[in-house]
Every structure is written in C-alpha cells, then in structure tokens.
Amino acid sequence: MKDNSGQFFHRVVRVAAIQNKIVLPTNAPIEDQRNALYEKVKIMVKAASLCGANIICLQEAWTMPFAFCTREKYPWCEFAEPAEEGPTAKLMKQLSKQFNVVIISPILERDEDHGDVMWNTAVLFNNRGKILGKSRKNHIPRVGDFNESTYYSEGNTGHRVFEVATLKVSNMSSTVDAECESIESILKKYIPQKELSEVKRVLYGKELLPLGLPTKVSNISIENDFEIAGYQFSALKEELRKPRMQQTDFGKVAVNICYGRHHPQNWMMYGVNGAEIVFNPSATVGALSEPLWGIEARNAAIANSYFTVAVNRVGTETFPNSFTSGDGQPAHRNFGHFYGSSYIAAPDGSRTEGLSRTRDGVLIAEMDLNLCRQAKDVWGFRVRGTMISFLFSRC
C-alpha cells in the first residue's frame with residue numbers, strides 16, 4: 001500500500017494478549033479480590049506498553065474469578081459493574097491514556113440504565129482514555145460447569161467492528177495435565193533439535209521472526225513472575241496498489257467473546273463487517289476444550305482473512321461451596337484447570353507459539369494489516385459479493 005506521495009508503507013500494528021491467574025482466594029472480600037487483580041494487571045499492561053503495544057486485550061471477566069460454575073448469585077453478582085463509569089472503567093481510562101494504548105477490557109457488566117440486567121461485556125478504551133464502545137457476548141454456554149445462562153443472556157450488540165487509532169510510536173490433547181508448562185516445552189523435551197524447526201513449521205506455519213523486547217521488560221517479567229514473548233508477522237511489499245485509507249494509524253478490530261469461537265458464522269460476520277483483527281478473550285478449561293483451542297481461532301483467521309488473538313485465563317480456581325451441574329458428576333469445588341496457551345494467528349495460517357499453560361503471561365505480536373488483503377487476493381476464501389448482497393437483502 002502507498003500513501004498520497006506514492007511511497008510504499010506498511011500498516012503495522014503491535015498487539016498484546018494478557019493471561020493471568022486470580023490473586024486472592026475466592027472467599028476474600030470482593031473489593032480486595034478485584035483490587036489485587038488491578039495491581040497485577042497494571043504491571044502487565046505497563047510491560048506490554050514498554051514493548052510498544054498499540055492494542056492490549058485482557059482475558060474474559062478478568063476482574064473476578066470465573067464463578068459462573070457455582071450457580072450462586074451471591075457474592076458473585078457483586079463483581080458486576082457499569083461498563084462506562086464503574087471502578088474498572090475508571091482504571092482503564094487512566095491506563096489507556098497513561099500508556100497511549102487501546103485496551104479491551106472484558107467485565108461482568110451491570111446495566112443500571114436498563115433494569116440492572118447483567119451482560120458479559122468487552123469495553124474498548126482508546127488511547128486517549130475515552131470509551132470507543134462495547135461488545136457483548138452473543139453465545140452463552142450451558143455445557144458442563146459452564147452455567148453462565150444463570151447470570152446473563154445473549155448479547156444485543158451484534159457483530160460490531162471498531163476503527164481504532166493505534167498511534168504507533170516507534171493446543172492439543174486434553175490428556176495433558178495441568179502441571180505441563182506448555183506444548184512447546186514438550187516438543188523441546190522429546191523432539192531432537194535438528195528436527196524441531198521442521199516440526200514447528202508443520203504445527204505453526206511459516207517461521208515468525210522474534211520481536212526484540214526491551215531488557216527492562218524482561219526484568220519486570222522476572223520480578224513479577226510472568227512470561228513474555230514477542231513475534232512478528234510480515235506482509236509482501238505492494239508496488240502498484242493504490243491506498244484504500246488516508247492514514248496508516250487505524251485498524252478495524254472486533255471482539256468475539258469466548259464461546260462465540262465455536263460458531264463459524266459468528267467469526268464470519270465480524271469479517272463481513274470489515275474486521276482486520278478479531279480478539280477472542282476466553283475462560284475455558286482443559287477437560288472441555290483444549291483439543292479445539294489451537295484450531296478454532298487459527299481456522300477463523302484463515303477462513304476470514306484477518307488476524308485473530310485468542311486469550312485464555314490460567315490457573316485453577318477453588319470456590320467455598322461445592323456445586324454440581326446436573327451431569328452425573330460428584331459435587332466439586334473447582335471448575336478445572338484454565339490452561340492459558342494464548343496465541344495469535346494470521347490470515348496466511350501462521351501463528352505464534354502459545355503462552356504457558358500454568359503461568360501468567362504477556363504475548364506481543366507485530367502484524368502488518370496489509371496481509372489481510374493479500375490473503376484474500378491469494379485464496380479468495382471470503383464470501384462472494386453476490387452472496388453478501390443476498391444475505392443482507394434477507395436481514
């Protein structure tokens with residue numbers, strides 16, 4: 001793509017995915033639990049910012065334990081808060097402005113203007129501390145311990161796509177247990193070094209260049225015990241194509257919360273609406289979904305010619321009271337292991353390695369959004385214009 005002077009330019013955006021455990025036990029006072037998470041995530045947002053991140057996505061319902069397994073309304077409903085003026089919104093406005101980043105903050109929303117109903121909502125804050133908008137979870141699971149319909153209903157925001165200013169300044173088998181650090185650690189342990197690069201090429205697509213991260217950030221991650229990794233997705237140089245946009249500092253992003261990743265049509269509609277990066281903040285456990293995790297967001301990136309950012313929480317959360325879910329299993333007090341493994345995939349099928357299954361982590365990727373259009377040109381996977389017109393005529 002070229003600018004108005006005829007000079008070629010890349011549409012480069014640097015994104016970050018943050019996965020983390022809860023900090024305090026689930027029987028601690030609500031405000032203490034939330035404040036402890038605030039302190040942890042503030043450090044990780046700072047680290048991502050120091051790595052040059054333009055857009056940062058946090059995990060689903062990041063301000064609380066994922067208590068929707070319990071079917072208890074209290075105390076868990078007390079974590080719900082207004083999307084625009086709640087305590088988390090105030091913090092995100094401060095951090096997004098302080099670090100000059102766009103932040104995607106998924107919370108349990110209390111809609112005080114419409115009957116105090118609750119939603120599972122991602123709120124987007126631009127780099128000036130203003131709210132861009134919000135996207136609500138549109139597929140609610142009722143499977144195993146995922147009793148989320150007890151708390152909130154399907155979202156009513158459709159498949160929104162947000163154009164954001166980035167202002168750039170400079171998977172596998174469910175039998176892997178919770179103590180396994182990562183899939184990559186297994187590969188390094190059992191695959192001979194001379195064969196490892198070829199195995200990873202088959203698993204992850206073309207080899208990605210590592211992204212140099214500041215020494216200061218590495219020190220912060222060591223001091224605060226979280227993993228940090230960075231990768232670079234590149235695109236071809238376009239010699240003759242005229243620019244579609246007057247500015248290089250915008251990307252079109254969407255948020256497909258958790259369970260929505262199981263629905264191909266859901267991913268498709270974000271693409272039809274023009275998304276170039278679709279974030280998938282999630283909270284999912286190994287026994288249920290780990291065999292699907294490394295496939296779904298990556299497949300969506302390929303099928304819809306955009307980047308996907310799959311973010312999953314990590315750790316095992318234990319609750320004060322035992323619960324059952326009508327599935328014949330004995331009463332228990334934890335959901336299972338949230339296996340992390342956050343990753344980023346590109347429209348050409350390449351992807352980063354996953355973050356740890358057991359540790360907090362920050363994943364950074366630099367992506368050239370020109371690759372979205374180039375993938376469409378090469379593969380033509382997107383729905384044809386005539387079909388899109390037909391679908392819209394039936395809406």
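All of these numbers come straight from a predicted model, not from anything done at the bench.

Draft legend 1. Representation of the nonpolar core. One finds Val15, Ile55, Ile277, Phe279, Phe307 and Met367 to be the most contacted residues of the largest nonpolar core, which totals 48 residues. Apart from residues lying up to four places away in sequence, Val15 is in contact with Ile55, Ile277, Phe279, Val309, Ile344, Leu363, Ile364, Ala365 and Met367. By size, the runner-up hydrophobic cluster in this structure holds 32 residues, among which are Leu37, Ile103, Ile220 and Ile364.

Draft legend 2. Quick look at the sheet that holds strand 17 (residues 361-368). In space, the 8 strands of this open sheet follow the order 5-4-3-2-1-17-10-9, with mixed pairing throughout. Strands at the two margins of the open sheet, each flanked by one partner only, are strand 5 (131-136) and strand 9 (209-210). As defined by bridge partners, strand 1 (residues 12-19) adjoins strand 2 (residues 55-57) across 3 bridges and the pair is classed as parallel. By the bridge assignment, Ala17 is partnered in strand 2 with Cys57.

Draft legend 3. Broad picture of empty space enclosed by the protein. The volume enclosed by the largest cavity comes to roughly 40 Å³. Looking at the lining of the largest cavity residue by residue, the class counts come to 6 nonpolar, 2 polar and 1 charged.

Draft legend 4. Quick peek at the pattern of salt bridges. All told, the structure shown has 16 salt bridges when counted by the stated rule. For the salt bridge of Asp225 with Arg359, the shortest nitrogen-to-oxygen distance reads 3.3 Å. Within this pair, whereas Asp225 is found in the loop between helix 5 (215-223) and strand 10 (227-233), its partner Arg359 is found in the loop between strand 16 (343-345) and strand 17, the two being separated by 134 residues in sequence. We classify Arg359 as partly exposed; its relative accessible area is 28%. Residue Arg313 pairs with Glu317 through a salt bridge whose shortest N-O separation is 2.7 Å. Residues participating in the shared-partner salt-bridge network are Glu84, Glu109, Asp111, Lys134 and Arg136.

Draft legend 5. Structural view of the packing of helix 1 (residues 30-50) against helix 2 (residues 87-99). Packing of helix 1 against helix 2 brings their axes to within 11 Å, and their N-to-C directions diverge by 20°. Between helix 1 and helix 2, the crossing angle belongs to the class labelled roughly parallel. Remark: the crossing between helix 1 and helix 2 carries right-handed chirality. Along its contact with helix 1, which presents Arg34, Tyr38, Lys42, Val45, Lys46 and Ser49, the element helix 2 presents Pro87, Thr88, Leu91, Leu95 and Phe99. Residue classes in the contact of helix 1 with helix 2 are distributed as 6 nonpolar, 2 polar and 3 charged.

Draft legend 6. The confidence of the model for the chain, seen in detail. Scored by pLDDT, the chain has a mean of 86; 85% of the residues are at 70 or more. Mean pLDDT across the secondary structure elements of the chain bottoms out at helix 9 (residues 385-393), with 61, and peaks at strand 13 (residues 307-312), with 98. For residues 166-176, every residue scores under 50 in pLDDT, and the model assigns this stretch 30 contacts once sequence neighbours within four places are set aside. Throughout residues 243-248 the model reports pLDDT below 50, and contacts reaching past four residues in sequence, or to other chains, amount to 12 contacts.

Draft legend 7. A look at the pairing of strand 17. Counting buried residues in strand 17 gives 8 out of 8 residues, a clear majority hidden from the surface. Alternating residues of strand 17 divide into Gly361, Leu363, Ala365 and Met367 and Val362, Ile364, Glu366 and Asp368, and every residue in both groups is buried. Note that strand 1 and strand 17 share 8 bridges and pair antiparallel. Note that in strand 17 the partner of Val12 across the bridge is Asp368. Examined bridge by bridge, strand 10 and strand 17 share 7 bridges and lie parallel to one another. Across the sheet, the residue bridging to Glu227 is Gly361, located in strand 17.

Draft legend 8. Looking closely at the packing of aromatic side chains. One pass over the full model with this rule turns up 14 aromatic pairs. Between Phe66 and Phe68 the ring centres are 4.8 Å apart and the planes differ by 80°, which places this aromatic pair in the edge-to-face class. Both residues of the pair, Phe66 and Phe68, count as buried. Taking 5.6 Å as the distance between ring centres and 70° as the angle between the ring planes, the aromatic pair formed by Phe335 and Phe338 counts as edge-to-face. The burial state of Phe335 is the same as that of Phe338; both residues are buried. Through a chain of ring-to-ring contacts, the aromatic side chains of Phe66, Phe68, Phe146, Tyr151, Tyr152, Phe335 and Phe338 assemble into a single cluster. A cation over an aromatic ring shows up here: Arg313 above the ring of Phe338, its NZ or CZ 5.7 Å from the ring centre. Arg351 extends its terminal NZ or CZ atom over the ring of Tyr343, reaching a point 4.1 Å from the ring centre.

Draft legend 9. Representation of unusual backbone geometry in the model. A cis amide bond links Tyr74 with the next residue in sequence, Pro75, at an omega value of 10°. Tracing the backbone shows Pro75 in the loop between strand 2 and helix 2. Phi at Arg71 is positive, roughly 65°, even though this residue is not glycine. Tracing the sequence through the fold places Arg71 in the loop between strand 2 and helix 2. Judged by its relative accessible area of 39%, Arg71 falls in the partly exposed class. The residue Asn100 is not glycine, and still its phi comes out positive at about 60°. Counting through the fold element by element, Asn100 comes out in the loop between helix 2 and strand 3 (102-111). Take Asn100: its relative accessible area is 26%, and that puts it in the partly exposed class.

Conventions we followed
Residues numbered from 1 in each chain as written. Predicted model: local features only at pLDDT ≥ 70, side-chain atom pairs only at ≥ 80, totals over all residues. Heavy atoms only, no water. Core = buried A, V, L, I, M, F, W, Y, C linked by side-chain atoms within 4.5 Å. Buried < 20%, exposed > 50% of the residue type's maximum accessible area, 1.4 Å probe, protein only. Contact = heavy atoms within 4.5 Å. Pairing = 2+ DSSP bridges. Helix = DSSP H or I, 4+ residues; strand = E, 2+ residues; numbered from the N terminus. 1 Å grid on protein atoms, 1.4 Å probe; cavity = no way out; pocket = protein on both sides within 12 Å on 5 of 7 lines; lining within 4 Å. Points joined across faces, edges and corners; volume = space filled by probe spheres on them. Nonpolar A, V, L, I, M, F, W, Y, C, P; charged D, E, K, R; others polar. Salt bridge = Lys/Arg side-chain N within 4 Å of Asp/Glu carboxyl O. Axes fitted to C-alpha atoms, helices over the stretch in contact; angles between N-to-C directions. Parallel < 35°, antiparallel > 145°, perpendicular 65-115°, else oblique. Left-handed = near helix turned anticlockwise from the far one by under 90°. pLDDT = per-residue confidence, 0-100. Phe/Tyr/Trp six-rings, centres within 6.5 Å; stacked < 30°, edge-to-face > 60°. Lys NZ or Arg CZ within 6 Å of the ring centre and 35° of its normal.

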